[in-house]
Amino acid sequence: MSNKTIYLNDYRAPAYWIERTDLYVDLRDGQTKVSSRLSMHVNPDADRDERQQLQLHGRELALESVELDGQPLNEDDYELDDEYLTLPVGRLLGDLENDELCFDLTIVTLIEPEKNTSLEGLYRSSGMYCTQCEAEGFRKITYYLDRPDVMSEFFTSIEADADRYPVMLSNGNKIEDKQLDNGRRLVRWHDPFKKPAYLFALVAGDLECVEDRFLTMSGREILLQIFVEAKDLDKCQHAMDSLKHSMRWDEEVYGREYDLDIFMIVAVDDFNMGAMENKGLNIFNTSCVLAKAETTTDAGFQRVEGVVAHEYFHNWSGNRVTCRDWFQLSLKEGFTVFRDAQFSSDMGSETVKRVEDVSLLRSAQFVEDGGPLAHAVRPDSFIEISNFYTLTIYEKGAEIVRMLHTLLGADTFRKGSDLYFDRHDGQAVTVEDFVAAMADASGRDFTQFMNWYRQAGTPELTLSEEYDDQAREYHVTIEQYCRPTSESDEKAPYHIPLNVCLWGEAGALAIRLKDQAPDVETADNTQAIIELREQRTELCFVDVPERPVLSFLRGFSAPVKVHFERDNDQLLRLVRSESDGFARWDACQQLLLNAIAALETVAANETEEQAQICEPIAEAFVELLQDETADPAMIALMLTLPSLTYLIELRDNVDLDKLDRAREILRIAIANRCFSTLWRLYQSYDHGVAYQPEAEQIAMRSLKNTALAYLMLAVDQGDEQENRTLILDACEAQYRYANNMTDQLAALQALLNADCAAERANMALGAFYEQWQSETLVMNLWLQVQAVRRSGNALAHVRDLKNHPAYDNNNPNKIRSLIGAFCGQNLMAFHASNSQGEASSEAYEFLAGEVLSLDRRNPQIAARLLVPLTRWHKFNGERQALMKSALQSIANRKELSKDVRELVEKSL
Ligand code: TRP
Ligand code: ZN
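Worth saying up front: this structure is predicted, and the values here are computed from it rather than measured.

Caption draft 1: Local environment of helix 28 (residues 898–907). For helix 28, the tally of buried residues reaches eight of 10 residues, placing the bulk of the element in the interior. Of the surrounding secondary structure, the elements contacted by the buried residues of helix 28 are strand 23 (381–382), helix 25 (842–855), helix 26 (859–865) and helix 27 (877–891).

In structure tokens, the structure reads:
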């Protein structure tokens, strides 16, 4: 397998198109036969040279036969290697000058889905056959032009044993269904919409289905079906509701209607990612479609809603208008993530959704952007495209679309999206096409804006301010900077929208800018979108009656890092009075960050000084907890300290033990100070309320369980140890009598995190296993809470769990829940120090071993798993060396997948 780098600049349209694709998939134990007939014609734009050869992609296929226009070819008529079937069209057909040149190719291949552990192409998952073709899996099914700009009309015949596979599905509409001899059955599907091969799907299995209908805005009735194993039929309602909400929402907000008469979802246990938007036949990881109060947490319910919406929205942003090449991946993913975020925001709480998204961006995407795997949202080269399904492509890509939305406003943005869909329906296009539609619909110039797509790295803004009370002027200087990354040392300045407000003692102040120098669009006169374009911008606000507190990244209007020194009083004013929920939360985060940074510099025995740092914050939290007008979900988010991951992101040369200690000191101080308020609050909840996965209830549970965690901390590590039994009993009661998984799991985690509850925690873990061992998704949670447990020797425990019957080392969900969670989330254990305080390499070596063994079975998951090791640049020299040597031990193996090879080499 070649580790060749592919460049965007080398893009050429193909020399041949595939007008129509006829597949016949004959599913038989141990050997599946795939016959394909491709109706090809020459691309009139291709030159003679390009027309000479037709190179079809193919991997791990056994070629049985090739026919050209019905004539069998023999082995010296074509070339075969482990990546391509190459046909010398010039030699076989001549006639290359003819722009009308067309021919039929009939290709028969044999494959073994039973042995396919990579979960791309055709494979088996708990007794059924299913496919995953994005990005380049179709070439593991048959020889093909497996690239997204080749769009074809598909006819798919599936033949299989009628009894064992009563359900046989593919894209589009079913056009034939007949019984054959020998107990076999044939089902035929036709998809009238031309599509690239990555959107192809096929499923055969013994599945049950939940059905519903949807009436589109033009009055067409759509059949909706969700296929699952019989045992999961009671877990489909939420996905079905989410689907109907998504369909309605896309009509209302984007004017987009569903196009086929049937929309199907299939749930499979073994799946590399969350879900896949195959035309008319979405395939989902069970974890992203099944949900039921008793077995699924609130976060799980929200994930189902978000992923169902995401895949559904792809029908327009991805399928009807698709990507020209894989460098354009964010064209569909960034846009679709933006769309699903808008949807979730409309379905629940706008502020909560925004805070969650920004937290993810900061704690994970910024880390990616700051490390050796940094890449542009539209990269210009890659080795293995599977490695580019990243936070940068998805989340930063969505932020870029969101900035366009901020710059244009909702109505003009909608004009732009209408233009984009109308102009490019049925085409495979580029990021430029998308931005051009936005520019054309608005008359704006986005030339500089394209830097967001071109340049890797997170821009950093440094602000300084000065208030002149004589002139009543408020001056702000903003400098932007972006660190060098591998694609370019010099970064051109970005076009950055800043959503700005000035806060005075009594409320927002009117905004007037001297000269209106940077473009200002003042929505009302207390709020402005200021557009930065220069490396340095000086703003002069005039008629400012008092020294204001500047709020300048409201709603997180751009994915940037900010350096702006502000004291507690300024931040507290924002915490108390900002009307933008995100900005309020962000000010609160900044307070917490400042406190943690201050605590890091204080010696362990200086308890007086520590108290002084923590007190104003704890005090503000008592006030916040008593604010009855505040959204409980927002209070919970504000009470939650920045994660260790994010704290590491903000630092270089991290001393993790010291950092964690500082964070814990603050947490304990808050727990102590808020104890009685939290306990009163906790007791005020009705724990027996019938579960609904709705924003209001989710908010209550979130605050209740945040309270529980603090209460447990206060009795475990804090000043409230005489109340220990009281709180432990309450926690255990919640664990036992909870009527939903959110509460049950929160109580279990609270027990696991308290040293003083070790015995109760272990009992609860055992009981949880007994209760839920037959629910594989619940077992994922069980593995995960143990993998992230703070106390005890988590690594040893993870090693033991690998041999537990609840674990399965071929199932991506299990791997993510145990190994992924341990290495990615249990930072204190992953980066453990030994008793002498020296860095230990044990967990790094463990991970390297896991990656190497998994790489032979599932390269995509192996590559994702190793990512925590690529964060070495954040740590001190000793740790860096150990992490790199673990990476090196992976690199030393000769036979590595492209996936793992690319990531290891780029990060060393
Ligand atoms: N397009 C899918 C999405 O909705 C991503 C995806 C699903 C995928 N399965 C995959 C990507 C397997 C690569 C490999 O985001
Ligand atoms: Zn997607």
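Past the structure itself, the notes keep going.
Caption draft 2: A look at the domain arrangement of the chain. For the chain, the domain assignment lists domain 1 (6–313), domain 2 (321–454), domain 3 (460–564), domain 4 (565–673) and domain 5 (686–761). Placing a centre on the C-alpha atoms of domain 1 and another on those of domain 5 gives a separation of 46 Å. Each side of the interface is counted separately: domain 1 has nine residues, and domain 5 has nine residues. Interface of domain 1 and domain 5: buried area, both sides summed, is about 740 Å²; carbon and sulfur atoms make up 61% of it. Area buried by domain 1 at its contact with domain 5 is led by Ala293, Thr297 and Asp298, which between them contribute 59% of it. Our enumeration of links across domain 1 and domain 5 arrives at one salt bridge. Between Asp298 and Arg701 there is a salt bridge, and its shortest N-O distance comes to 2.8 Å. At the boundary of domain 1 and domain 5, one finds four residue pairs in polar contact (both at pLDDT 80 or more). Among the residues forming the side of domain 1 that touches domain 5, the class breakdown is two nonpolar, five polar and two charged.

Caption draft 3: Seen up close, the sheet that holds strand 6 (residues 71–72). Spatially, eight strands are ordered 6-5-9-3-2-12-15-14 in an open sheet, and the strand pairing comes out mixed. Both edges of this open sheet fall to strand 6 and strand 14 (173–179), since each of them pairs with a single strand only. Examined bridge by bridge, strand 2 (residues 16–26) and strand 3 (residues 32–42) share 10 bridges and lie antiparallel to one another. Across the sheet, the residue bridging to Thr21 is Leu38, located in strand 3.

Caption draft 4: Structural context of the site of ligand 1. The immediate surroundings of ligand 1 are formed by 15 residues, with Glu134, Ala275, Glu277, Glu311 and Tyr394 found nearest. Glu134 has a polar side-chain atom sitting 2.5 Å from a nitrogen atom of ligand 1. In this structure, Glu311 approaches ligand 1 through a side-chain N or O atom, which is 2.8 Å from an oxygen atom. When residues of the shell around ligand 1 are traced back to their parent elements, those giving at least two are strand 20 (275–276), helix 4 (298–313) and helix 5 (329–347). Looking at the shell around ligand 1 residue by residue, the classes come out as six nonpolar, four polar and five charged.

Caption draft 5: Seen up close, unusual backbone geometry. Look at the link from Glu134 to Ala135: it is a cis peptide, with omega at -10°. Note that Ala135 resides in the loop between strand 11 (128–132) and strand 12 (152–161). Although it is not a glycine, Leu119 adopts a positive phi angle of roughly 60°. By the secondary structure assignment, Leu119 is in the loop between strand 9 (102–111) and strand 10 (121–125). The class for Leu119 is buried, based on a relative accessible area of 4%. Located in the positive-phi region is Ser126, a residue other than glycine, with phi close to 30°.

Caption draft 6: Here's a closer look at the pattern of salt bridges. Tallied over the full model, the rule gives 78 salt bridges. Arg20 is paired through a salt bridge with Asp22; the nearest N and O atoms lie 2.7 Å apart. As a salt-bridge pair, Arg139 and Asp146 come within 3.0 Å of each other at their nearest N and O atoms. Here Arg139 matches Asp146 in class, with each residue buried. Shared partners join several salt bridges into a network, and the residues in it are Lys231, Asp232, Asp234, Lys235, Lys292 and Glu775.

Caption draft 7: Region of interest: the packing of aromatic side chains. The tally for this structure, following the rule as stated, stands at 39 aromatic pairs. Relative to Phe434, the ring of Phe335 lies with its centre 4.9 Å away and its plane at 50°, an arrangement referred to as tilted. Here the residue Phe335 occupies a position in helix 5, and Phe434 occupies one in helix 9 (residues 431–442), the gap between them amounting to 99 residues. The exposure class of Phe335 is buried, given its relative accessible area of 1%. On the accessibility criterion, Phe434 (3% relative accessible area) is buried. Between the aromatic rings of Trp452 and Tyr494, the centroid separation amounts to 4.5 Å while the plane-to-plane angle is 50°, which identifies the pairing as tilted. Here Tyr494 lies in the loop between strand 26 (473–481) and strand 27 (496–504) and Trp452 lies in helix 10 (residues 451–454), a separation of 42 residues in the sequence. For the pair shown, Trp452 and Tyr494 are each scored as buried. Directly above the aromatic system of Trp316 lies the positively charged group of Arg256, at a separation of 4.6 Å from the ring centroid.

Caption draft 8: Examining the coordination of the zinc ion (ligand 2) more closely. Bound to the zinc ion (ligand 2) are the protein donor atoms His310 (NE2), His314 (NE2), Glu333 (OE) and Glu333 (OE), situated 1.9 to 2.7 Å from the metal. Each of the six donor atoms around the zinc ion (ligand 2) contributes to a set of angles spanning 47 to 160°, which defines the coordination as irregular. All donor residues of the zinc ion (ligand 2) come from one chain, and their arrangement in sequence is H-x3-H-x18-E. With a gap of 19 residues between them, His314 in the loop between helix 4 and strand 22 (322–323) and Glu333 in helix 5 connect regions that are remote in the sequence. In this structure, His314 and Glu333 share a single accessibility class: buried.

Caption draft 9: Structural view of the pairing of strand 13 (residues 167–170). Of the two faces of strand 13, the one carrying Val167 and Leu169 and the one carrying Met168 and Ser170 are both buried. Judged from the four bridges that link them, strand 13 and strand 16 (residues 202–205) form a sheet pairing that is antiparallel. Bridge pairing in strand 16 links Ser170 to Leu202.

Caption draft 10: Structural view of the nonpolar core. With 309 residues, the main nonpolar core has Leu105 and Phe541 as its most contacted residues. Element by element, the count of residues in this core is highest for helix 16 (residues 656–683), at 13 residues.

Caption draft 11: Region of the structure containing the sheet that holds strand 20. The five strands are arranged 17-18-19-21-20 in an open sheet whose pairing can be described as mixed. Single-partner strands in this sheet number two, and they are strand 17 (208–215) and strand 20. Here eight bridges tie strand 17 to strand 18 (residues 221–228), and the two strands are oriented antiparallel to one another. Directly across from Val210, in strand 18, lies its bridge partner Ile226. Across the face of the sheet, helix 4 comes into contact with strand 19 (262–268), strand 20 and strand 21 (281–285) while running at roughly 150° to strand 21.

Caption draft 12: Representation of the packing of helix 5 against helix 8 (residues 410–424) in the model. For the pair helix 5 and helix 8, interaxial distance at closest approach is 15 Å and the crossing angle is 140°. With respect to helix 8, the axis of helix 5 lies oblique. Here helix 5 runs over helix 8; the crossing is left-handed. Facing helix 5, whose interface residues are Leu331, Phe335 and Phe338, helix 8 presents Phe413, Ser417, Tyr420 and Phe421.

Caption draft 13: Just the packing of helix 18 (residues 724–737) against helix 19 (residues 741–753), in detail. At a minimum axis distance of 7 Å, the contact between helix 18 and helix 19 shows a crossing angle of 145°. Here the hand of the crossing between helix 18 and helix 19 comes out left-handed. Along its contact with helix 18, which presents Cys731, Gln734 and Tyr735, the element helix 19 presents Asp743, Gln744, Ala746, Ala747, Leu748, Ala750 and Leu751. Residue composition of the contact of helix 18 with helix 19, by class: seven nonpolar, two polar and one charged.

Rules and cut-offs
- Throughout this document, residue positions are counted from 1 along each chain, in the order its sequence is written.
- Each chain takes a letter, starting from A, and each ligand takes a number, starting from 1, following the order in which they are written.
- For a predicted model such as this one, the threshold for reporting local features is a pLDDT of at least 70, and the threshold for listing and counting side-chain atom pairs is 80 or more; totals across whole chains, interfaces and linings nevertheless cover every residue.
- For the side-chain quantities, the full set of heavy atoms in the structure was used; hydrogens and water were omitted.
- Only protein chains enter the area calculation, which uses a 1.4 Å probe; residues under 20% of their type maximum are buried, those over 50% are exposed, and those in between are partly exposed.
- Here a helix means four or more residues in a row that DSSP labels H or I, a strand means two or more in a row labelled E, and each is numbered from the N terminus.
- Whether two residues are in contact is decided by their heavy atoms, any of which lying within 4.5 Å being enough.
- Domain delimitation in this document rests on an assignment produced automatically or drawn from a domain database.
- In this description, buried area is defined as the sum, over both parts, of the accessible area (probe of 1.4 Å) that is lost when the two are combined.
- Salt bridge criterion: a side-chain nitrogen from Lys or Arg within 4 Å of a carboxyl oxygen from Asp or Glu.
- In protein, a polar contact means a hydrogen-donor-capable atom and an acceptor-capable atom, both N or O and within 3.5 Å, with residues adjacent in sequence counting only if both atoms are side-chain atoms; elsewhere, any N or O pair within 3.5 Å suffices.
- Polar here means any residue outside two lists: the nonpolar Ala, Val, Leu, Ile, Met, Phe, Trp, Tyr, Cys and Pro, and the charged Asp, Glu, Lys and Arg; Gly therefore counts as polar.
- Following DSSP output, two strands are said to pair if at least two bridges run between them.
- Proximity criterion: a residue is near a molecule or strand once any of its heavy atoms comes within 4 Å of it.
- Note on ring pairs: Phe, Tyr and Trp rings are taken, using the six-membered ring of Trp, and paired if centres are within 6.5 Å. Classes follow the plane angle, with under 30 degrees stacked, over 60 edge-to-face and the rest tilted.
- To sit over a ring, a charge needs its Lys NZ or Arg CZ within 6 Å of the ring centre and within 35 degrees of the ring normal.
- Excluding water, the donors of a metal are its N, O and S neighbours within 2.8 Å, or within 3.2 Å for Na, K and Ca, and that exclusion means sites may look incomplete.
- Working rule for geometry: tetrahedral if four donors all subtend angles between 85 and 135 degrees; square planar for four, octahedral for six, if opposite donors exceed 155 degrees and the others stay between 65 and 115; irregular in every other situation.
- Residues enter a nonpolar core if they are buried and are Ala, Val, Leu, Ile, Met, Phe, Trp, Tyr or Cys, with the set joined through side-chain atoms within 4.5 Å.
- Angular values range over 0 to 180 degrees, each being the angle between N-to-C directions of two axes fitted as lines to C-alpha atoms, with helices fitted over their stretch in contact.
- Comment on the angle field: the value is read as roughly parallel under 35 degrees, roughly antiparallel over 145, roughly perpendicular from 65 to 115, and oblique elsewhere.
- Should the near helix be turned anticlockwise from the far one by less than a right angle, the crossing is termed left-handed; should it be turned clockwise, right-handed.

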